Amino acid sequence: MNGLLTIVLLLIANVFMTFAWYGHLKLQQMKLIGADTPVYLIILLSWGLALVEYCFMVPANRMGFIGNGGSFTLMQLKVIQEVITLLVFTLFSLLIFKGEALHWNHFAAFVCLIMAVYFVFMK
């Protein structure tokens, strides 16, 4: 149960992280903010979202870490987080930025990440 909760928290954190890093680009596309919007305002908006991300990411890592009674080693936590990041970003780019397309090399990269998960969990 601890491992599943860790993954759910990492998933939620990564949704906020993706919006913090790339959401302003969609807002600009939608003409809700202009290209002339000062970058410090965009940074403040992103920091606000990143704060929410940290509220999920930090507890996920603390609870999931084997040193705190969790299910995962530090390396496993990082690889899980990277795979979740790529999955969330892929969905974000396909659903929010409709025009982005997946190509064969993207699928090849996904296979490499799946292999990374396999290797990091290998005993």
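Okay, so let's go over this structure. None of the values given here were measured: they were computed from a predicted structure. (Residues numbered from 1 in each chain as written. Predicted model: local features only at pLDDT ≥ 70, side-chain atom pairs only at ≥ 80, totals over all residues. Heavy atoms only, no water.)

### Some remarks on the packing of helix α1 (residues 2-29) against helix α3 (residues 74-95)
The interhelical angle for the contact between α1 and α3, taken along N-to-C directions, is 50°, at an axis separation of 9 Å. The angle between the axes of α1 and α3 places the two elements in the oblique class. Where α1 crosses over α3, the handedness of that crossing is right-handed. Of the residues in α3, those touching α1 at Thr-6, Ile-7, Leu-10, Leu-11, Asn-14, Val-15, Met-17, Thr-18, Phe-19, Tyr-22 and Gly-23 are Leu-77, Ile-80, Gln-81, Ile-84, Thr-85, Val-88, Phe-89 and Phe-92. A per-class count over the contact of α1 with α3 returns 13 nonpolar, six polar and no charged. (Axes fitted to C-alpha atoms, helices over the stretch in contact; angles between N-to-C directions. Helix = DSSP H or I, 4+ residues; strand = E, 2+ residues; numbered from the N terminus. Parallel < 35°, antiparallel > 145°, perpendicular 65-115°, else oblique. Left-handed = near helix turned anticlockwise from the far one by under 90°. Contact = heavy atoms within 4.5 Å. Nonpolar A, V, L, I, M, F, W, Y, C, P; charged D, E, K, R; others polar.)

### A closer look at α3
Across its 22 residues, α3 extends 31 Å between first and last C-alpha, which sits within 8% of the 32 Å expected from 1.5 Å per residue. Those residues of α3 lying buried are Gln-76, Leu-77, Val-79, Ile-80, Gln-81, Val-83, Ile-84, Thr-85, Val-88, Thr-90, Phe-92 and Ser-93. Residues of α3 that are buried sit in contact with α1, α2 (39-64) and α4 (104-121). (Expected span 1.5 Å × (residues − 1). Buried < 20%, exposed > 50% of the residue type's maximum accessible area, 1.4 Å probe, protein only.)

### Quick look at the side chain of Ser-46
Among the secondary structure elements, Ser-46 is positioned in helix α2. From its side chain, Ser-46 meets the backbone oxygen of Ala-20 in a polar contact 2.7 Å long. Every residue in contact with Ser-46, bar those within four places of it in the chain, is listed here: Ala-20 and His-24. (Polar contact = N/O pair within 3.5 Å; in protein donor to acceptor, adjacent residues only side chain to side chain.)

### Description of the nonpolar core
The biggest cluster of nonpolar side chains holds ten residues, and these are Leu-9, Leu-10, Ala-13, Met-57, Ala-60, Phe-72, Leu-77, Ile-80, Ile-84 and Val-88. Excluding residues that lie within four positions of it along the chain, Leu-77 makes contacts with Thr-6, Asn-61, Gly-64, Phe-65 and Phe-72. (Core = buried A, V, L, I, M, F, W, Y, C linked by side-chain atoms within 4.5 Å.)

### Regarding the pattern of salt bridges
In the structure shown here, the tally under the stated rule is one salt bridge. Of the charged contacts, one joins Lys-78 and Glu-82 as a salt bridge, the two residues approaching to 2.7 Å between their closest N and O atoms. Of this pair, Lys-78 and Glu-82 are both found in helix α3, four residues apart, which corresponds to roughly one turn of the helix. Relative accessible area serves as the criterion here: at 35%, Glu-82 is assigned to the partly exposed category. (Salt bridge = Lys/Arg side-chain N within 4 Å of Asp/Glu carboxyl O.)

### So, the packing of aromatic side chains
Throughout the structure, instances matching the rule amount to eight aromatic pairs. Measuring from centroid to centroid gives 5.3 Å for Tyr-118 and Phe-119, while their planes differ by 65°, and the two rings are edge-to-face. Members of the aromatic cluster, each reached through a chain of ring pairs, are Phe-19, Phe-92 and Phe-97. Note that Lys-26 overlies the ring of Phe-97, its terminal NZ or CZ placed 5.6 Å from the centroid. (Phe/Tyr/Trp six-rings, centres within 6.5 Å; stacked < 30°, edge-to-face > 60°. Lys NZ or Arg CZ within 6 Å of the ring centre and 35° of its normal.)

### Some points on the environment of Ala-116
Residue position: Ala-116 is located in helix α4. Judged by its relative accessible area of 28%, Ala-116 is partly exposed. Taking the C-alpha atoms as reference points, Ala-116 and Gly-70, 46 residues apart in sequence, are found 21 Å from one another.

Keep in mind these numbers describe shape, not what the thing actually does.
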